[in-house]
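Listed below are the residues making up each chain.
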Amino acid sequence: MIFAHRLGSWDLSRRGRVVGILNVTPDSFSDGGLFLTPESAIRRAEQMAEEGADAVDVGGQSTRPGASEPVGPEEEWARVGPVIDALAKRLSIPLSIDTYWGEVARRALDAGAAMVNDVSGLGVDSSIADHAARARAGLVLMHSVGAPSRLHEPREYGDVAAEVRDFLETRLRLAESRGVEREKIALDPGIGFSKRAEQSLEALRGLPLLTSLGRPLYIGVSRKSFLGASTGTAVERRLAAGLGASVAAYGLGARIFRTHDVPETLDALRAAEALRDPASEASPPLEIRA
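Bear in mind that the values here come from a model prediction, so they are computed numbers and not experimental data.

Draft legend 1. Local environment of the overall build of the chain. When helices and strands are tallied, the chain shows 10 helices and 10 strands. Whereas a compact globule of 290 residues would reach a radius of gyration of roughly 19 Å, the chain reaches 17 Å, a difference of no more than 12%. Its C-alpha atoms give the chain principal-axis dimensions of about 40 × 40 × 35 Å. Put simply, the chain shows about 11500 Å² of open surface, and 51% of that area lies on carbon and sulfur atoms. The centroid of the 35 positive side-chain charges in the chain is displaced by 2 Å from the centroid of its 40 negative side-chain charges.

Draft legend 2. Seen up close, helix α4 (residues 127-135). α4 sits mainly inside the fold: 7 of its 9 residues count as buried. Inspection of α4 places S127, I128, A129, H131, A132, A133 and A135 among the buried residues, and these make up the whole buried set. In this structure, the buried side of α4 is in contact with α3 (102-111), β5 (115-118), β6 (138-142) and α5 (160-177). In the segment just after α4, R136 is the residue with positive phi, at about 55°.

Draft legend 3. Region of the structure containing the packing of α3 against α4. Two elements in contact, α3 and α4, have axes separated by 8 Å at closest approach and are oriented at 15°. One finds that α3 runs roughly parallel with respect to α4. For the pair α3 and α4, the sense of crossing is right-handed. Touching G102, A105, R106, L109 and D110 of α3 are S127, I128, H131, A132, R134 and A135, all from α4. A class-by-class count of the residues in the contact of α3 with α4 yields 5 nonpolar, 3 polar and 3 charged.

Draft legend 4. Region of the structure containing the nonpolar core. Core analysis: the biggest nonpolar cluster contains 73 residues, and L22, V56, V58, L87 and L95 have the highest contact counts within it. The greatest single-element share of this core, amounting to 7 residues, is contributed by helix α2 (residues 73-90). For V58, the contacting residues outside a window of four places in its chain are L22, V24, V80, V83, I84, L87, L95, S96, I97 and D98. One finds W10, L12, V19 and I288 within the second-largest nonpolar core, a separate group that totals 12 residues.

Cut-offs applied
Throughout this description, residue numbers start from 1 for each chain and increase along the sequence as written. Local features in this predicted model are restricted to residues of pLDDT 70 or higher, and side-chain atom pairs are both shown and tallied only at a pLDDT of 80 or more, whereas totals for entire chains, interfaces and linings draw on every residue. To get the side-chain values, take all heavy atoms of the structure and skip hydrogens and water. Helical segments are the DSSP runs of H or I of at least four residues, strand segments are the runs of E of at least two, and each set is numbered from the N terminus. Atoms counted for the radius of gyration: C-alpha only. Globule rule: 2.2 Å times residue count to the power 0.38. Here the open area of atoms and residues is found with the Shrake-Rupley method and a 1.4 Å probe, where only the protein chains shown may cover a residue. Asp and Glu are treated as the negative residues and Lys and Arg as the positive ones, with His and the ends of the chain left uncounted. Working definition for charges: the position is that of NZ of Lys, CZ of Arg, CG of Asp or CD of Glu. We call a residue buried when its accessible area falls under 20% of the maximum for its residue type, exposed when it is over 50%, and partly exposed in between, using a 1.4 Å probe and counting protein chains only. We call two residues in contact whenever any of their non-hydrogen atoms come within 4.5 Å of each other. Axis definition: a line fit to C-alpha positions, over the contact stretch in the case of helices; interaxial angles, taken between N-to-C directions, run 0 to 180 degrees. Orientation categories follow fixed angle ranges, with anything under 35 degrees roughly parallel, anything over 145 roughly antiparallel, 65 to 115 roughly perpendicular, and all other angles oblique. Helix crossings fall into two classes, left-handed where the near helix is turned counterclockwise from the far one by less than a right angle and right-handed where it is turned clockwise. We call Asp, Glu, Lys and Arg charged. Ala, Val, Leu, Ile, Met, Phe, Trp, Tyr, Cys and Pro are nonpolar, and the rest, Gly among them, are polar. Each nonpolar core is a collection of buried residues, namely Ala, Val, Leu, Ile, Met, Phe, Trp, Tyr and Cys, held together in the definition by side-chain atoms within 4.5 Å.

This is the structure we're talking about:
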C-alpha cells in the first residue's frame, strides 16, 4: 500500500490527471446527500480509485450557487475528518482536501492528505498557505471573489481572462511568500465561481494566457451550470457537455481535471492526448507532497 505522504510528482508532459470529486455534504448541487456516512464516502472513493482516478478530492462544504450558509471549520471537519482518516490508510492514490479553512487544511494534512484545494485562492483564510508549506503539500489556488457566502455571485470584468490571470499571479506570489514551493502549486480559473455562464466560457478561452504563469492548470467543469446554459440540459444530463469542455480545455493547456465522472473523463483525455501535437509545449510537473 502506498500512503499519500509518500507520493511525489505528477508528470503532466504526456498525460492529464483526473481528480475524483467526493462531496461529504447534504446540499452539493449534483451529489449532495449521497455520501454523508463515512461508509458510503469510503466506498465511493475506493470506486473512483478503481476506475483510475489519480487523486480523490474530499469536500465537506457545498459551494454551489444558492447553497445554505457556509459551515464553520469544526462542522466541516466533523464531516470530512472520519473520511480522511480512513482513506489515508486505505487508498493507493493521493487525497486532496477541498476547503478554504486553514484549520481544516491543517487537520487533513496531518491525517495524510497530500494536497489542499482552496476555492477561495487564499482569499478566506491565508493560513492555508502556511499549513501547505509546513507539510510540503500540493496547493491548488482557484480564482473567486468575495466572502464564503458570496463566492458564486457574478462580478463585472473588463477582461475576464486578464483579470483571472492577474488574480492568480498575485495569489501565487502570496503562497510563495508564505513558504509554499512554486513546484507544488496548480492554478484554477474558477469556472462557475464569481462568473456568469459567458464569463466562465471566457475564462476557459483564456487558459493559454494562464500557461504563461508556468504552473499546471487545474479545472473543474463537471456538470456545472454554464454547461446547462450552453446546451439547455439539466444537471443529470451534462456528462457529454462536460467531456467536450474538458477536451477543449486540454487543448488550451489544462492538465488536471476535477470530475464526478472518472472513467468517462479518462477516456476523453486519452483520446485528446493521442491527437495532441508532439511538438506542442508541455505542462510543468506538479509536486504533490515530499
